[in-house]
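# Summary of structural features
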Amino acid sequence: GFVGAVALDISSNTVTERARITHSEPGQEVCEEWVGINEDGEEETYRECWVDMDYQSQINRSVVIGDTLFTVSEKGLLASDLETLRDAEFVSFAQR
């Protein structure tokens, strides 16, 4: 899944996704296997996988100042160019 902010273009008739901004690195897939009993009473191996996401990357606030979009997470502050929405600079916060 995606963890971040979505930039939208909004007109009188449409809402269009313009870009996605994230503070996270691509997540690692984590899988877990276990043995259980199926409907027929037989042992069966089950497997479940998910993408391990870093909760500290969740964007909590965003603000536009001048021509820069700032987004804040527990990981840090990201400045993005408002026109292109490309990352300009990331300032990391000290992790506890």
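Structural data are supplied above this passage.
Residues numbered from 1 in each chain as written. Predicted model: local features only at pLDDT ≥ 70, side-chain atom pairs only at ≥ 80, totals over all residues. Heavy atoms only, no water.

## Thoughts on the overall build of the protein chain
Each helix and strand in the protein chain was counted, giving 0 helices and 8 strands. In sequence order, the protein chain lays out its α and β elements as β-β-β-β-β-β-β-β. A compact globule built from 96 residues would reach a C-alpha radius of gyration of about 12 Å, whereas the protein chain, at 20 Å, exceeds it by more than 25%. If you line up the protein chain on its principal axes, its C-alpha atoms span 65 × 45 × 15 Å. (Helix = DSSP H or I, 4+ residues; strand = E, 2+ residues; numbered from the N terminus. Rg over C-alpha atoms; globule rule 2.2 N^0.38 Å.)

## Focus on unusual backbone geometry
Despite not being glycine, L85 shows a phi value in the positive range, around 60 degrees. Here L85 shows up in the loop between β7 (76–81) and β8 (87–92). The class of L85 is buried, set by a relative accessible area of 8%. (Buried < 20%, exposed > 50% of the residue type's maximum accessible area, 1.4 Å probe, protein only.)

## Topic: the sheet that holds strand β6 (residues 68–73)
If you trace the 4 strands from one edge of the open sheet to the other, you get β5-β6-β7-β8, paired in antiparallel fashion. Strands at the two margins of the open sheet, each flanked by one partner only, are β5 (59–65) and β8. The average undirected angle you get between the axes of adjacent strands in this sheet is 15 degrees. In this sheet, β7 lies alongside β6 in antiparallel orientation, the contact comprising 5 bridges. Counterpart to V72 in the pairing with β7 is L77. (Pairing = 2+ DSSP bridges. Axes fitted to C-alpha atoms, helices over the stretch in contact; angles between N-to-C directions.)

## Side note on the state of the cysteines
Think of a disulfide as a covalent bridge from one cysteine sulfur atom to another cysteine sulfur atom. Applying the stated criterion across every chain, the model contains 1 disulfide. Residue pairing for C31: its cysteine sulfur links by disulfide to C49, the two sulfurs lying 2.1 Å apart. Disulfide C31-C49: the torsion about the S-S bond is 110 degrees, which places it as right-handed. Remark: C49 occurs in strand β4 (residues 43–52) and C31 occurs in strand β3 (residues 28–37); sequence separation between them is 18 residues. Under the relative-accessibility criterion, C49 is labelled partly exposed at 35%. (Disulfide = S-S within 2.5 Å.)

## Focus: the pairing of β6
When β5 meets β6, the two strands line up antiparallel, connected through 6 bridges. Residue V63 lies in a different strand from β6, and its bridge partner there is F70. Counting the residues between successive antiparallel strands, the hairpin from β5 to β6 contains 2 residues, one of them, G66, with a positive phi of roughly 65 degrees. Count of turn residues in the β6/β7 antiparallel hairpin: 2 residues.

Read these as layout, nothing more, since geometry by itself doesn't imply function.
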